[in-house]
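These are the residues of each chain, in order.
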Amino acid sequence: MTINILKNTFKLLHPMVGGSIIGRVIAKESKEDYNQFRKPPFSPPTKAFPIVWPILYVLMGVSYLLTTKNNEQTTKIKVTHYSQLALNYLWSILYFKKKVRGIAFIESMMLFISVVVNTISMFKIHRIAGLLQIPYVMWSAFASYLNAGNYFLNKDNPNYKKQ
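Residues numbered from 1 in each chain as written. Predicted model: local features only at pLDDT ≥ 70, side-chain atom pairs only at ≥ 80, totals over all residues. Heavy atoms only, no water.

J.: Quick one: what's the story with the overall build of the protein, residue by residue and with numbers?
T.: Helix and strand content of the protein: 6 helices and 0 strands. Counting from the amino terminus, the protein carries its helices and strands in the arrangement α-α-α-α-α-α. By the compact-globule yardstick of 15 Å for 163 residues, the protein fits well, its C-alpha radius of gyration being 17 Å. Once the C-alpha set of the protein is aligned to its principal axes, its extents read approximately 55 × 30 × 25 Å. (Helix = DSSP H or I, 4+ residues; strand = E, 2+ residues; numbered from the N terminus. Rg over C-alpha atoms; globule rule 2.2 N^0.38 Å.)

Laid out in structure tokens, this is it:
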């Protein structure tokens, strides 16, 4: 019984924990970067990101818990879930820490595709879990737009790229 509670707690919280760690790793660079360069239309204020991401991470955890709890066929969900989560964390490092903005844009497109695949996979197992991922799909598409816009507006700025 206790092991199940621990497993379920992990399933629920691991996206938030990982996201919090990445957020701390890139905190300084992300604030400086976001305010320093030209932004595409509809770019949200800096303060929106620490509000949106925890919500999305909680929804990821809830969806993962719903699709893996009492389900014998979880291998595909584990693969799609952890793939999109790894790409999610990697994007922040590529864009803010390594400053390889073009590569980060390509990676953001891969992330978007993996989020869609994960959402569809979850939906097939547990309808509510899949529906809970719709905000993440929308945000991933929006984030790819922001990444592309930032890249094309700033790519000629020598401070924008890795030196």
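J.: A description of the nonpolar core should follow, citing residues and the corresponding values.
T.: Counting 21 residues, the largest nonpolar core has Leu56, Met60, Tyr95 and Tyr136 as its most contacted members. Counting residues per element, this core draws most heavily on helix α3 (residues 75-97), which supplies 7 residues. If we ignore the near neighbours within four places in the chain, the residues touching Met60 are Pro15, Trp53, His81, Gln84, Leu85, Asn88, Gln133 and Tyr136. (Core = buried A, V, L, I, M, F, W, Y, C linked by side-chain atoms within 4.5 Å. Buried < 20%, exposed > 50% of the residue type's maximum accessible area, 1.4 Å probe, protein only. Contact = heavy atoms within 4.5 Å.)

J.: Describe in detail a nonpolar patch on the surface, supporting the description with residues and values.
T.: The grouping of Leu12, Leu13, Val17, Ile21 and Val25 at the surface amounts to a nonpolar patch, some 390 Å² of accessible area in total. Residue placement: Leu12 occurs in helix α1 (residues 2-36). The class of Leu12 is partly exposed, set by a relative accessible area of 31%. (Patch = residues over 30% accessible without salt bridge, like charges linked within 9 Å, V, L, I, M, F, W, Y side chains within 5 Å. Areas by Shrake-Rupley, 256 points an atom, 1.4 Å probe, with all protein chains shown as cover. Salt bridge = Lys/Arg side-chain N within 4 Å of Asp/Glu carboxyl O.)

J.: So what about α3? Which residues, and what values?
T.: Taking 1.5 Å of rise per residue, the 23 residues of α3 would be expected to cover 33 Å, and the 32 Å separating its terminal C-alpha atoms lies within 8% of that figure. At the C-terminal side of α3, Lys99 shows a positive phi close to 60°. (Expected span 1.5 Å × (residues − 1).)

J.: Can you tell me about unusual backbone geometry, naming the residues and giving the values?
T.: Located in the positive-phi region is Phe42, a residue other than glycine, with phi close to 75°. Along the chain, Phe42 falls in the loop between α1 and α2 (49-68). Accessibility expressed as a relative area gives 72% for Phe42, which makes it exposed. Positive phi, normally seen in glycine, also occurs at Lys99, with a value near 60°.

J.: Would you mind going over the packing of aromatic side chains in detail, with residue names and values included?
T.: Two measures describe an aromatic ring pair: the distance that separates the ring centres and the angle between the ring planes. Taken as a whole and judged by the stated rule, the model has 14 aromatic pairs. Seen from their ring centres, Trp91 and Phe96 are 5.6 Å apart, and the 90° between their planes marks the pair as edge-to-face. For the pair Trp91 and Phe96, one class covers both residues: buried. Aromatic pair Phe142 and Tyr145: ring centres 6.0 Å apart, planes at 25°, arrangement stacked. Within this pair, Phe142 and its partner Tyr145 are both found in helix α6 (residues 134-154), separated by 3 residues, close to a single helical turn. On the accessibility criterion, Phe142 (23% relative accessible area) is partly exposed. Looking at Arg101, its charged tip hangs above the ring of Tyr95, at a distance of 4.4 Å from the centre. Geometry around Tyr160 places Arg101 over its ring, the cationic atom sitting 4.5 Å from the centre. (Phe/Tyr/Trp six-rings, centres within 6.5 Å; stacked < 30°, edge-to-face > 60°. Lys NZ or Arg CZ within 6 Å of the ring centre and 35° of its normal.)

Treat this as a map of the structure, not an account of what it does.
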